[in-house]
Amino acid sequence: MLYDLRQALDRERFKARANALYAKDAIVELTEKAGRTGRQNSYLHLLIGVVAMDTGVTLEYAKREYFKRLVNADLFVCEVEDRYRGKIEVLRSSASLTKEQMVTAIDRFKRWGTENGFYMPEAHDADILRDIEISMKRMEQYL
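For the protein chain, the helix and strand inventory stands at 6 helices and 2 strands. Walking the protein chain from its N terminus toward its C terminus, one meets helices and strands in the order α-α-α-α-β-β-α-α. Relative to a compact globule of 143 residues, whose C-alpha radius of gyration would be 15 Å, the protein chain shows 20 Å and is clearly more extended. Principal axes of the C-alpha set define a box for the protein chain whose edges measure 60 × 45 × 30 Å. For the protein chain, buried positions account for 29% of its 143 residues. Of the contacts formed within the protein chain by residues at least 6 apart in sequence, a portion of 54% connects residues at least 24 apart. Carbon and sulfur atoms make up 51% of the accessible area of the protein chain, which totals about 10,300 Å². In the protein chain, which carries 24 positive and 23 negative side-chain charges, the distance between the mean positions of the two groups comes to 4 Å.

Rendered as structure tokens:
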């Protein structure tokens, strides 16, 4: 269960849950979840959009095949045991990455894009990013 301890209600729920587990003498694991930021999400979406528009593939394809499988396989590609099919390859959700892992994944993708002839703007290039966003909106039926 995730609790946002900046919120009063979540703080109370967290305390109640922790006290209940304490009373049961349970074995627990407590970790801090530092997920990726909204800015990272937006920036990554635009970088994937650059590749998708330039290659003529969908956003989903560019994200799955180029960003996850090709460039960041060590972060996303996992083997799991399927009851009927045996070992199969699955892709982790980017939501499961930490902020630091997402920084690594984005940096690798930018480097790969640049090496392969795509213009990969920096996160602070607001005008260029806005132009990419507008282009993506125009082409959204194809992406």
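From this point, the discussion proceeds with the structure in view.
What follows deals with the packing of aromatic side chains. Under the defined criterion, the tally for this structure stands at 6 aromatic pairs. Ring centres of tyrosine 61 and tyrosine 66 lie 5.6 Å apart, and the angle between their planes is 85°; on these two criteria the pair is classed as edge-to-face. Members of the aromatic cluster, joined through ring pairs, are Tyr61, Tyr66, Phe67, Phe76, Phe109, Trp112 and Phe118.

Since there are 3.6 residues in each turn of an α-helix, residues three or four apart along the chain are aligned in direction. Given a rise of 1.5 Å per residue, 17 residues ought to cover 24 Å, and the 24 Å separating the end C-alpha atoms of helix α5 (residues 99-115) matches this to within 8%. For α5, the complete set of buried residues consists of Met102, Ala105, Ile106, Phe109, Lys110, Trp112 and Gly113. Take α5 and look down its axis: the buried residues cluster within an arc of 165°, on one side only. Facing away from the buried side of α5 by more than 90 degrees, the exposed set consists of Glu100, Thr114 and Glu115. On the buried face of α5, the contacting elements are α2 (38-55), α3 (59-71) and α4 (73-76). The positive-phi residue at the C-terminal boundary of α5 is glycine 117, with phi of around 85°.

Moving on to unusual backbone geometry. If you check the backbone angles, aspartate 25 has positive phi at about 55° while not being a glycine. We classify aspartate 25 as exposed; its relative accessible area is 70%.

Mean pLDDT for the protein chain: 91, with 97% of residues reaching 70 or above. Across the protein chain, element-level confidence peaks in α3 with a mean pLDDT of 97 and bottoms out in helix α1 (residues 8-23) with 89.

Before going further, it helps to spend a moment on the packing of α2 against helix α6 (residues 126-138). Look at α2 against α6: their axes get within 10 Å of each other, and the N-to-C directions meet at 60°. Taken together, the axes of α2 and α6 lie oblique to each other. For α2 against α6, the interelement crossing comes out left-handed. Contacts from Tyr43, His45, Leu46, Gly49, Val50 and Met53 of α2 reach α6 at Leu129, Ile132, Glu133, Ser135 and Met136. Across the contact of α2 with α6, the residue classes break down as 7 nonpolar, 3 polar and 1 charged.

Rules behind the numbers
- Residues numbered from 1 in each chain as written.
- Predicted model: local features only at pLDDT ≥ 70, side-chain atom pairs only at ≥ 80, totals over all residues.
- Heavy atoms only, no water.
- Helix = DSSP H or I, 4+ residues; strand = E, 2+ residues; numbered from the N terminus.
- Rg over C-alpha atoms; globule rule 2.2 N^0.38 Å.
- Buried < 20%, exposed > 50% of the residue type's maximum accessible area, 1.4 Å probe, protein only.
- Contact = heavy atoms within 4.5 Å.
- Areas by Shrake-Rupley, 256 points an atom, 1.4 Å probe, with all protein chains shown as cover.
- Lys, Arg positive; Asp, Glu negative; His and termini not counted.
- Charge placed at Lys NZ, Arg CZ, Asp CG, Glu CD.
- Phe/Tyr/Trp six-rings, centres within 6.5 Å; stacked < 30°, edge-to-face > 60°.
- Expected span 1.5 Å × (residues − 1).
- Arc of directions from axis to C-beta.
- pLDDT = per-residue confidence, 0-100.
- Axes fitted to C-alpha atoms, helices over the stretch in contact; angles between N-to-C directions.
- Parallel < 35°, antiparallel > 145°, perpendicular 65-115°, else oblique.
- Left-handed = near helix turned anticlockwise from the far one by under 90°.
- Nonpolar A, V, L, I, M, F, W, Y, C, P; charged D, E, K, R; others polar.

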